[in-house]
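# Coordinate inspection notes
Residues per chain are reported as follows:
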Amino acid sequence: MASTTDTAPTAPAKRDRTHYLYIAVIVAVALGIAVGLIAPDFAVELKPIGTGFVNLIKMMISPIIFCTIVLGIGSVRKAAKVGAVGGIALGYFVVMSFVALGIGLVVGNILQPGTGLAVTDAIKETGQAQIDAEAKGTTEFLLGIIPHTLVSAFTEGEVLQTLFVALLAGFALQAMGSVGTPILRGIEHIQRLVFRILAMIMWAAPIGAFGAIAAVTGSAGLDALKSLAVLMIGFYITCVLFVFIVLGALLRIVAGLNILTFFKYLGREFLLILSTSSSESALPRLIAKMEHLGVSKPVVGITVPTGYSFNLDGTMIYMTMASLFIADAMGTPMSIGEQIPLLLFLLVASKGAAGVTGAGLATLAGGLQSHKPALVDGVGLIVGIDRFMSEARALTNFAGNAVATVLIGTWTKEIDKERVEQVLAGQLPFDERTLLDEGSETVTDSEAEQGGEKALAKA
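By the naming in an unreviewed UniProt entry, the chain goes by Cation:dicarboxylate symporter family transporter and is assigned to Streptomyces bluensis. One UniProt comment on the chain, placed under Subcellular location (unreviewed entry), says "Membrane".

See below:
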C-alpha cells in the first residue's frame, strides 16, 4: 500500500506531458487538412513524412509481439489454456466477420449509392491497376506463416510469422520450467527497452500526423468527396452502427462495460489511427493498454496480433458496400443470390491479403478479379476516396480488436475485473513514459512454479 501512495503524486506530471503531445497531434491534423485544401500539390509531396512515422511504429511491432507472447505463455504451465484462448479467438473472429458482412449487405442494398455513375476508360485503367501482385492465395498464405529462418520474422516485419515464432519460444520456455526463468527475465528487460523506445517515437506523432493527413486531403480533393459522398457517408454510418450497437451490446452483456468509457480509455490510440490512417500504428499501444487494463498476457498476446490479420470488421463492411457500389455503377446490379457467394469469397480472400499495403483496396480488386472480373474496372471509381474510407476501416478494425480482447479475456476468466474498474475510473493511470507498469514483476520464481498465477502485490 505504501508503494502505491509513493508513486501516486508522479502520475499527474506524466499525464500532463503526453496531454500536450496529443493536443499537438490535433493541431497538426487541422493544419494538415488546411494545407491539403489550400495547396494540394504541395500537400501530396508531404506523404513521406506520414509514411516515415508509420514505419517507425511498424518496426517496433515484431519485437513487442514477441516479448508479450513469450512472457505470457512462458509463465503459464497449462498449454491447454493457451490453446483454448486461440480457439475461442478464431471462432469469435469468424462470427464477427459474418456479422460485419451482413450489416454491410443490408445497408448497401438500401442505399444503392452507385446508381447513376458513369465508368470511363480512365477509371477502368485505374481499377485494373489496383490488383496487387503481392496478394496471396489461401495455401500460399498459410505456408507464408512459417518464416524462412528463426529471425527472418523480425527482419521482414510479418506479424503472423512473429506470432508463430513467439508461440514456439513461449511453449519451449514453458516446458523448461524454472530453468527458463532467467531467459524470461532477460526478455522482460528487452520488453521494457522496446516500450521505452516506442514512447520516444511517439513524440514524433504530430509531425507524422501533419504529413499523413495533408497528403490524404491533397490527393483526394473536394470533387471526389462530393461525387462519392453517399458511399462514404453511408460507410461511416454503417461502421458507427456496427461499433456502438453490435460491439457495444456485446461489451455490455459479456463484460458489463460501457463502450464509451472503454473508448475514452483508448482515446489517444483512436486519435493516432485517425491521423495516420493506419490501425497498425496503434497495435503496440493496444497491447500495452490491454495488459494495463487487467487482461492477462497470454490473452493479449494471442488475441491482438491474430485479430489484426483475422478480425477485420471494418474491412468486411468496406468490401461489402464497395462491391455493391461498383456493381450498381457498372450497370450490373447483383441479386442477393449473386452477392452472398461473392462476399463469402472476399471473406476468405481478405485473410490471404493480410499485411499487404493498402489491404482494403488491394483485397477488393484482387477478390473481384478472381471471382467476378467484370467488376474490376469499377474499382477505379473509389480510388479517390479510398484513403478517407481507410480512416473508418482502421478505426473499426481497431475497435473490434480492442473489444475482442476484453470479451475473450472475460470468457476465459483471464481478466482482473476489479482492476478494469479502477483503470477505467482513472484510479490507475497508464504510464505514458514507459507504456508498462513499472512496479509489477512480470516473471517471478513463484509464478513459474504456480503456472502463471499472479504474484501477490508486495506491501
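Additional details are given in the paragraphs that follow.
Moving on, we come to the overall build of the chain. Regarding its fold elements, the chain presents 22 helices and zero strands. Among the 459 residues that make up the chain, the fraction classed as buried is 53%. Pairs at least 24 residues apart make up 85% of the contacts formed inside the chain by residues separated by at least 6 positions.

Here we take up the pattern of salt bridges. Side chains that differ in charge, positive against negative, can pair when their charged atoms come close. Scanning the model with the defined rule gives four salt bridges in all. Here Arg192 ties to Glu188 by a salt bridge, and the two come within 3.4 Å at their closest N and O atoms. Here Glu188 and Arg192 lie together in helix α10 (residues 181-201), a separation of four residues that amounts to about one turn. Of the residues examined, Glu188 reaches a relative accessible area of 4% and is grouped as buried.

A word on unusual backbone geometry. One can expect most non-glycine residues to show negative phi and most peptide bonds to be in trans. With a phi angle near 55°, Lys413 is a residue other than glycine that sits in the positive phi range. Assignment of secondary structure puts Lys413 in the loop between α20 (383-411) and α21 (417-424).

The next point concerns the UniProt feature "transmembrane region" (unreviewed entry) in the chain. The UniProt feature table records "transmembrane region" (unreviewed entry) at residues 20-39, 59-76, 88-111, 159-181, 193-216 and 228-254. Along residues 20-39, the helical share is 95% and the strand share 0%, with 28 Å between the first and last C-alpha atoms. Helix makes up 83% of residues 159-181 and strand 0%. Its end C-alpha atoms lie 26 Å apart.

Contact geometry for helix α15 (residues 283-293) and α21: axes closest at 8 Å, N-to-C directions at 115°. Of the residues in α21, those in contact with Glu291, His292 and Leu293 of α15 are Arg419, Val420, Val423 and Leu424. Classifying every residue of the contact of α15 with α21 gives four nonpolar, one polar and two charged.

What follows is about the side chain of Thr68. Along the chain, the position of Thr68 falls in helix α4 (residues 47-74). Judged by relative accessible area, which is 0%, Thr68 ranks as buried. A polar contact is formed between the side chain of Thr68 and the backbone oxygen of Ile64, at a distance of 2.7 Å. Leaving out residues up to four positions away in the same chain, Thr68 has contacts with Gln191, Ile287, Glu291, Lys297 and Gly301.

So, on to α15. Think of an α-helix as turning once every 3.6 residues; residues three or four places apart then point the same way. Burial within α15 is extensive, with 11 of its 11 residues counted as buried. Of all the positions in α15, only Leu283, Pro284, Arg285, Leu286, Ile287, Ala288, Lys289, Met290, Glu291, His292 and Leu293 are classed as buried.

Before going further, it helps to spend a moment on the packing of α15 against helix α16 (residues 297-310). Where α15 meets α16, the axes come as close as 10 Å, and the angle between the chain directions of the two elements is 150°. Of the possible angle classes, the one that applies to α15 and α16 is roughly antiparallel. Taken as a pair, α15 and α16 cross one another with a handedness that is right-handed. Listed contacts from α16 to Leu283, Leu286, Ile287, Met290 and Glu291 of α15 are Lys297, Val300, Val304 and Tyr308. Considering only residue class, the contact of α15 with α16 consists of seven nonpolar, no polar and two charged.

As a further point, take the confidence of the model for the chain. Counting all residues, the mean pLDDT for the chain is 76, and 76% of those residues have values of 70 or more. Put simply, helix α1 (residues 2-7) is where the chain has its lowest mean pLDDT, 39, and helix α13 (residues 259-265) is where it has its highest, 93. Every residue in residues 439-459 is under pLDDT 50, and counting partners more than four places away or in other chains gives 35 contacts.

Here we come to a nonpolar patch on the surface. Taken together, Val94, Phe98, Ile336, Ile340 and Leu344 make up a surface patch of nonpolar side chains, about 430 Å² in accessible area. Looking at the nonpolar patch, the elements with two or more residues in it are α5 (79-111) and α18 (336-352). You can see Ile340 is positioned in helix α18.

Looking now at the environment of Leu272. Along the chain, Leu272 falls in helix α14 (residues 267-276). Between the alpha carbons of Leu272 and Ala205 there is a distance of 7.6 Å; along the sequence they are 67 residues apart. Apart from the residues lying within four places of it in its own chain, the contact partners of Leu272 are Phe53, Met202, Ala205, Ser281, Ala282 and Arg285.

It is worth spelling out the side chain of Ser323 at this point. Along the chain, Ser323 falls in helix α17 (residues 313-329). The contacts of Ser323, once residues within four sequence positions are left out, are Met334, Leu342, Leu346, Leu364 and Leu368.

This part takes up the packing of aromatic side chains. Taken as a whole and assessed by the stated rule, the structure comprises eight aromatic pairs. Between Tyr92 and Phe93 the ring centres are 6.2 Å apart and the planes differ by 65°, which places this aromatic pair in the edge-to-face class. With respect to burial, Tyr92 and Phe93 carry one shared label: buried. Between Phe263 and Phe270, the ring centres sit 5.0 Å apart and the planes meet at 70°, which makes this aromatic pair edge-to-face. Residue Phe263 shares its accessibility class with Phe270, and that shared class is buried. Among the aromatic side chains, those forming a connected cluster through ring pairs are Phe244, Phe262, Phe263, Phe270 and Phe398. Across from the ring centre of Tyr265, 4.8 Å away, lies the NZ or CZ of Lys289, which sits over that ring. Arg393 extends its terminal NZ or CZ atom over the ring of Tyr318, reaching a point 4.2 Å from the ring centre.

So, on to the environment of Ile326. Examined against the element boundaries, Ile326 turns out to sit in helix α17. On the basis of relative accessible area, Ile326 is assigned to the buried category, the value being 0%. Separated by 52 residues in the primary sequence, Ile326 and Gly378 place their C-alpha atoms 5.3 Å from one another. Those residues in contact with Ile326, other than ones at most four positions away along the chain, are Leu364, Leu368, Leu375, Gly378, Val379 and Ile382.

Calculation notes
- Along each chain, residue indices are assigned from 1 in the same order as the chain's sequence is written.
- Predicted model: local features are reported for residues with pLDDT of at least 70 only, side-chain atom pairs are reported and counted for 80 or more only, and whole-chain, interface and lining totals are derived from all residues.
- Side-chain numbers here rest on the full set of heavy atoms in the structure, without hydrogens or water.
- UniProt positions are given in the numbering used here, feature names are shortened, and annotations may be inferred rather than shown by experiment.
- Labels follow the DSSP assignment, with helices taken as runs of H or I lasting at least four residues and strands as runs of E lasting at least two, numbered in each case from the N terminus.
- Burial classes follow relative accessibility: with a 1.4 Å probe on protein chains only, a residue under 20% of its type's maximum area counts as buried, one over 50% as exposed, and anything between as partly exposed.
- Whether two residues are in contact is decided by their heavy atoms, any of which lying within 4.5 Å being enough.
- Between Lys or Arg on one side and Asp or Glu on the other, a salt bridge is scored when a side-chain nitrogen of the former is within 4 Å of a carboxyl oxygen of the latter.
- Between N-to-C directions, angles cover 0 to 180 degrees, with each direction set by a line fitted to C-alpha atoms, over the stretch in contact for helices.
- Under this grouping Gly is polar, as are all residues other than the nonpolar Ala, Val, Leu, Ile, Met, Phe, Trp, Tyr, Cys and Pro and the charged Asp, Glu, Lys and Arg.
- Pairs of N or O atoms within 3.5 Å make up the polar contacts considered here, provided that, within protein, one atom can donate a hydrogen while the other can accept it, and that residues adjacent in sequence are counted only when both atoms are side-chain atoms.
- Relative orientations are named as follows: roughly parallel for angles under 35 degrees, roughly antiparallel for angles over 145 degrees, roughly perpendicular for angles from 65 to 115 degrees, and oblique for any other angle.
- Whether a crossing is left-handed or right-handed is set by the direction in which the near helix is turned from the far one by less than a right angle, anticlockwise for left-handed and clockwise for right-handed.
- For every residue, the pLDDT score states the predictor's confidence, bounded by 0 at the bottom and 100 at the top.
- Only residues whose relative accessible area exceeds 30% and that form no salt bridge are eligible for patches; like-charged ones are grouped when within 9 Å, while nonpolar side chains (Val, Leu, Ile, Met, Phe, Trp, Tyr) are grouped when within 5 Å.
- A 1.4 Å probe and the Shrake-Rupley method give the accessible areas. Residues count as covered only by the protein chains that appear here.
- Two aromatic rings, drawn from Phe, Tyr or Trp (for Trp, its six-membered ring), form a pair once their centres lie within 6.5 Å of each other, and the interplanar angle then sorts them: stacked below 30 degrees, edge-to-face above 60, tilted otherwise.
- Geometrically, a charge over a ring is one whose NZ (Lys) or CZ (Arg) sits within 6 Å of the ring centre while staying within 35 degrees of the ring normal.

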